[in-house]
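# Examination of the molecular architecture
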Amino acid sequence: MQKIIRGGLCNRCGSCVGLSDGKIVFDNKEGRYLPQIIAEPDEPTMQLILKACSGKSFDFPAYREHIYGNDTAFHSYTGSYKSISIGFAPDTDIRLNAASGGIISAILIYLLEKTLIQGAVVLGMSKTNPWLTQPFIATTREQIMEASQSKYILSSVNEILPEIGAFDGRLAYVGLPGQVQSLRVLQKERHPWVQNIDYIFGPFYGNTLHFSSIKSFLRSYGEKDYHKIQKLYFRYGEWPGNMRVELNDGKVFQLKKFYANYLIPFHIVKNSLICTDLTNEFTDVSGGDAWAPVYEERGKGFSMVLARSSKGQQLVEAMTNEGWLSTTPLDLETSIAMHSHGYDLKKRGAFIRMKFMRLLGKPTPDYGYSITGFGFSRYLMEIVIDSLFVVLGTSFARRIVELLPPTFVGNLFEKSRDIWKKSTKNIKRQDL
Ligand SMILES: Cc1cc2nc3c(=O)[nH]c(=O)nc-3n(C[C@H](O)[C@H](O)[C@H](O)COP(=O)(O)OP(=O)(O)OC[C@H]3O[C@@H](n4cnc5c(N)ncnc54)[C@H](O)[C@@H]3O)c2cc1C
């Protein structure tokens with residue numbers, strides 16, 4: 001297990017902590033956020049922990065066949081799917097409160113109100129340390145709404161596996177790809193704590209950030225003490241929303257989401273760069289942002305929805321028929337083109353990065369598949385990207401950027417990103 005942690009493979013899904021009966025804890029959630037073994041778990045528990053460690057390995061083809069069978073449509077970028085659509089929750093309270101179109105929150109509320117579940121495993125913000133996230137089981141519409149919106153800092157939903165196991169009733173679960181994959185392993189192993197989970201949902205996943213991003217964001221506004229944070233939002237207000245911090249002295253710092261993206265190269269969790277699952281491929285239904293000018297211009301909130309299992313497809317259909325969701329079918333090609341940047345990062349970049357890591361003698365995850373055959377220009381592009389992450393991730397670079405006004409840096413970042421996207425469009429779209 002130390003090899004996994006030291007080798008940078010831990011994706012912080014939280015399963016090892018949840019399964020360990022208090023013997024493994026996360027040491028410093030405001031710092032490196034890594035599991036720490038305080039007492040050795042017994043041998044069978046350790047074996048299970050290693051098996052459920054999606055940072056180490058997860059067999060994509062085997063689980064695809066196990067969960068969706070061979071007759072479900074599949075693409076190596078999107079994973080298995082029964083349908084792809086653009087959607088949103090017509091309930092404006094849900095939609096405007098959510099990250100994108102409010103699809104995930106609407107599904108959870110629907111399942112609760114139809115008594116198909118009694119609770120939903122979601123990620124909210126901590127009540128005691130409101131600058132940190134906290135997974136919990138929501139049992140009311142209000143609690144689900146409270147937990148909506150994306151959290152872009154490291155979080156570990158599977159820490160609460162014992163609570164999930166002890167819950168009296170049926171559950172839905174929301175998690176990032178690594179968390180979902182680990183849960184799928186536990187379900188296949190028939191672990192008793194996950195037998196009450198009937199539905200698995202999840203957001204798309206480009207990357208996540210270290211907590212240092214929050215400290216740095218505050219310092220850019222001249223605030224040094226993150227303990228003053230009373231409320232922290234990553235997608236506040238109308239889509240695509242804002243990063244917003246409210247302090248206990250009444251101060252509020254707010255920055256457009258696209259501007260706040262400037263934090264990514266400075267604080268990205270390197271492990272997210274070797275995750276090859278953009279669209280949360282092992283869920284019943286997954287949702288991402290509907291990135292396309294036609295939707296972005298309209299605001300309000302639009303999601304891309306992938307229904308993958310029969311159960312997920314039936315749910316999306318029933319909710320659409322009953323007016324809980326508005327969905328418009330989308331073809332595979334358009335859906336891939338809308339996320340070409342993300343697919344390039346995950347289905348090309350990640351495999352190239354893992355190749356570089358192996359050349360340097362570092363361990364890489366075993367996903368049971370690989371995608372190869374990229375041109376020289378794509379390798380060159382990867383070297384530029386990785387070098388930027390290395391340079392900008394240094395404390396010197398982080399300090400420099402904090403001296404500049406966030407709106408200025410954000411604006412500069414957005415413009416540079418647009419130029420970068422346009423100039424690398426051909427390399428990225430080759431053979432998409
Ligand atoms: C770290 C991260 C990276 C993402 N990257 C991309 C991307 O590159 N491209 C893209 O199109 N979309 C990305 N998304 C997804 C997007 O931001 C929305 O979450 C998605 O479109 C669902 O929107 P919604 O309105 O249906 O969700 P909502 O109705 O707002 O519900 C969101 C649900 O996700 C749960 N949740 C939020 N954050 C986390 C987390 N960190 N871990 C586990 N559960 C969480 C919440 O508990 C809530 O139940 C990312 C999301 C996250 C959390």
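Above: the structure in question.
The notes below deal with the structure included here.

The rules behind these values
- Residues numbered from 1 in each chain as written.
- Predicted model: local features only at pLDDT ≥ 70, side-chain atom pairs only at ≥ 80, totals over all residues.
- Heavy atoms only, no water.
- Near = heavy atom within 4 Å.
- Polar contact = N/O pair within 3.5 Å; in protein donor to acceptor, adjacent residues only side chain to side chain.
- Helix = DSSP H or I, 4+ residues; strand = E, 2+ residues; numbered from the N terminus.
- Nonpolar A, V, L, I, M, F, W, Y, C, P; charged D, E, K, R; others polar.
- Phe/Tyr/Trp six-rings, centres within 6.5 Å; stacked < 30°, edge-to-face > 60°.
- Buried < 20%, exposed > 50% of the residue type's maximum accessible area, 1.4 Å probe, protein only.
- Core = buried A, V, L, I, M, F, W, Y, C linked by side-chain atoms within 4.5 Å.
- Contact = heavy atoms within 4.5 Å.
- Salt bridge = Lys/Arg side-chain N within 4 Å of Asp/Glu carboxyl O.

## A closer look at the site of the ligand
Taken together, 32 residues sit near the ligand, with Ser100, Gly102, Ser105, Gln149 and Ser150 positioned nearest. At 3.2 Å from an oxygen atom of the ligand is found a side-chain nitrogen or oxygen belonging to Arg235. Put simply, the parts of the chain that give the shell around the ligand at least two residues each are helix 6 (103-113), strand 6 (119-125) and strand 13 (285-289). Residues of the shell around the ligand, tallied by class, amount to 15 nonpolar, 14 polar and 3 charged.

## Concerning the packing of aromatic side chains
Summed over the entire model, instances satisfying the criterion amount to 23 aromatic pairs. Seen in terms of ring centroids, Trp239 and Phe302 are 6.0 Å apart; in terms of plane orientation they differ by 70°. Their pairing is edge-to-face. Taken together, the residues span a long stretch of sequence, with Trp239 in the loop between strand 10 (229-236) and strand 11 (242-247) and Phe302 in the loop between helix 13 (293-296) and strand 14 (303-307) at a distance of 63 residues. Judged by its relative accessible area of 5%, Trp239 falls in the buried class. Among the residues examined, Phe302 registers a relative accessible area of 6% and is labelled buried.

## So, the nonpolar core
Ranked by size, the top nonpolar core spans 53 residues in total, and within it Val121, Ile164, Tyr173 and Ile197 carry the most contacts. In terms of residues, this core owes the most to one element, helix 16 (residues 340-359), which gives 5 residues. Beyond its immediate chain neighbours, meaning those up to four positions away, Val121 contacts Phe136, Ile137, Val157, Ile160, Ile164, Leu171, Ala172, Tyr173 and Val174. One finds Phe211, Phe253, Phe389 and Val409 within the second-largest nonpolar core, a separate group that totals 33 residues.

## Let's talk about the pattern of salt bridges
Applying the stated criterion across every chain yields a total of 19 salt bridges. A salt bridge links Glu402 to Arg219; the shortest N-O distance between them is 2.8 Å. Placement of the pair is Glu402 in helix 18 (residues 395-402) and Arg219 in helix 10 (residues 212-220), with a sequence separation of 183 residues. Note on Arg219: relative accessible area 28%, which makes it partly exposed. The shortest N-O distance in the salt bridge between Arg378 and Glu382 comes to 3.0 Å. Highlighted residues: Arg378 and Glu382, both in helix 17 (residues 376-392), separated by 4 residues, approximately one helical turn. A cluster of three or more residues bridged by salt bridges with shared partners is formed by Asp344, Arg348, Arg353, Arg378, Glu382 and Asp386.

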